[in-house]
Amino acid sequence: MARDISPQDIPRCQVDVVPIPIYVDIVRSQNPKSLLVKNTAAMLLSTMSAILRATKLPTSGPYPTLDPFLFCVYHSDDYPADESGGKMETTFPGNGSDFNPHAPYRMYHGHHIPGFPQHPHRGFETITATMEGLIDHADSVGNAGRYGEGDVQWMTAGGGVVHGEMFPLVHSDRPNSLRLFQIWLNLPAVSKMVQPSFAMFWNSDVPVYKTDDEKASVTVWAGDYFLEENVTQNSPPPDSWAADPSNDVAVLHITVLPGGSIVIPKANSSADINRSMYLIEGHESNVKVDGKVINEKVCLTMDATKDVPIELDQGAKEEVQFLLLQGKPINEPVAQHGPFVMNTQSEIRDAFMDYQRTQFGGWPWPKDDMVFPQDKGRFALIDGKETRPPSSTTESCSS
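In this report, the structure presented in the accompanying data block is examined. Here the structure is a predicted model, which is why all the values come from computation and not from measurement.

Another aspect to go through is the overall build of the chain. Within the chain one finds three helices and 24 strands. Across the 399 residues in the chain, those meeting the buried criterion constitute 53%. A sequence separation of at least 24 residues applies to 75% of the contacts in the chain between residues at least 6 apart. Per element, the accessible surface of the chain, about 17,400 Å² overall, is 50% carbon and sulfur.

The following block contains the structure:
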């Protein structure tokens, strides 16, 4: 979901480190003005804990990421029921750039229907992992879909694709709440210009692990983790950095209920692996991560060679949720401008020129903010073939 940003707009976990309560038990009895003590505390944290650094999450906008990830944004919008007579529009139009974090919902770049009308990408992949709500997708290749409620869409932009992602108000009898992550996974130089590809993983095919007491669960959007016997993980697109198991890419959604606990295992690979964990919901529950109480929404940069126990007290007021991003770094230069991510500024200029000249194949749809009929239900149109999730034979969104 692109907006015009420069690389400087995207924070990284290794900068802007802020003190949060996980440090307090180490520093409290020492002189807080002593730089030596602070450095010693940081060293102790690195050697004794799986937590290497902690960065407070921004109120809005992209989260910090580490190579091979470029971008991560969490959308949580309380869209109302459709009152437009089936147009699936909001009552009040947007201004074309609505990212107000304090509003119940945001229109983003949409005017009458919230979302992101057609925009280009080149040089990376988008992973859109949903929890609630529905998204309408259309692209310049001719692919399309309506997905959500736990579905995952994985798109390789490669040499260039134009797509739109809209959030139509498909339900008229209840709110259209939306919760999802969009994650940008980089492509190495050798794969920057591959042909675009598109994959849809329906929620019934996304592995979900639950502890024996069912007080903790892990939704495995990508990666070889928490896969029970006879469970096969969905295959990333063939040109993805995640397609090579040695790159150990993982995208996990972790939920822990009051009284629950779970251990996130160390990385499968012995190579250097970057691992970040984001506390996205339930920060006031004082969850323990590797024995340290966390009570702010933070990005935790983790030592991927260590297991990570997560524990939530029985008396906690609400569940906690984490996102985990992990992978072997690509370790190549990153040149980025808005929706284009390449290795050099010259390649960025080429991307703009190519888009102006070719429109990456053009836009085959009648509207920039393309949405599908209200009663269409969930579907995926890929290479001219339409498929639906197994449970959708009688599915309808119009009620």
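On we go from here.
Across the sheet, which stays open at both edges, the seven strands sit in the order 1-18-15-20-13-12-11 with antiparallel pairing between neighbours. Each of the sheet's edge strands pairs with one partner strand only, and the pair in question is strand 1 (51–56) and strand 11 (208–210). Taking the axes of each pair of neighbouring strands and ignoring which way they run, one obtains an average angle of 20° across the sheet. Across six bridges, the pairing between strand 12 (residues 216–222) and strand 13 (residues 250–256) is antiparallel. Across the sheet, Thr 219 pairs through a bridge with His 253, a residue of strand 13.

For the rest of this paragraph, the subject is empty space enclosed by the protein. The full count for this structure, using the stated rule, is two cavities of 30 Å³ or more. By volume, the largest cavity amounts to about 50 Å³. If you go around the largest cavity, the residues you meet are Tyr 79, Gly 133, Leu 134, Phe 167, Pro 168, Val 170, Asn 176, Ser 177 and Leu 178. Partitioning the lining of the largest cavity into residue classes produces six nonpolar, three polar and no charged. The calculated volume of the second largest cavity comes to roughly 30 Å³. Around the second largest cavity, the lining residues are Thr 65, Leu 66, Phe 69, Asn 274, Arg 275, Ser 276, Tyr 278 and Leu 325. Here the lining of the second largest cavity is composed, by residue class, of four nonpolar, three polar and one charged.

The next subject is the environment of Ser 346. Within the secondary structure, Ser 346 is located in helix 3 (residues 345–358). What makes Ser 346 partly exposed here is its relative accessible area of 37%. Between the alpha carbons of Ser 346 and Ala 335 there is a distance of 9.0 Å; along the sequence they are 11 residues apart.

Okay, unusual backbone geometry next. Cis peptide bonds are those with omega within 30 degrees of zero, and the linkage from Asp 67 to Pro 68 qualifies with 20°. One non-glycine residue, Phe 226, lies in the positive phi region at around 55°. For Phe 226, the location among the structural elements is in the loop between strand 12 and strand 13. If you check the backbone angles, Asp 248 has positive phi at about 50° while not being a glycine. Along the chain, Asp 248 turns up in the loop between strand 12 and strand 13.

What counts and what doesn't
Residues numbered from 1 in each chain as written. Predicted model: local features only at pLDDT ≥ 70, side-chain atom pairs only at ≥ 80, totals over all residues. Heavy atoms only, no water. Helix = DSSP H or I, 4+ residues; strand = E, 2+ residues; numbered from the N terminus. Buried < 20%, exposed > 50% of the residue type's maximum accessible area, 1.4 Å probe, protein only. Contact = heavy atoms within 4.5 Å. Areas by Shrake-Rupley, 256 points an atom, 1.4 Å probe, with all protein chains shown as cover. Pairing = 2+ DSSP bridges. Axes fitted to C-alpha atoms, helices over the stretch in contact; angles between N-to-C directions. 1 Å grid on protein atoms, 1.4 Å probe; cavity = no way out; pocket = protein on both sides within 12 Å on 5 of 7 lines; lining within 4 Å. Points joined across faces, edges and corners; volume = space filled by probe spheres on them. Nonpolar A, V, L, I, M, F, W, Y, C, P; charged D, E, K, R; others polar.

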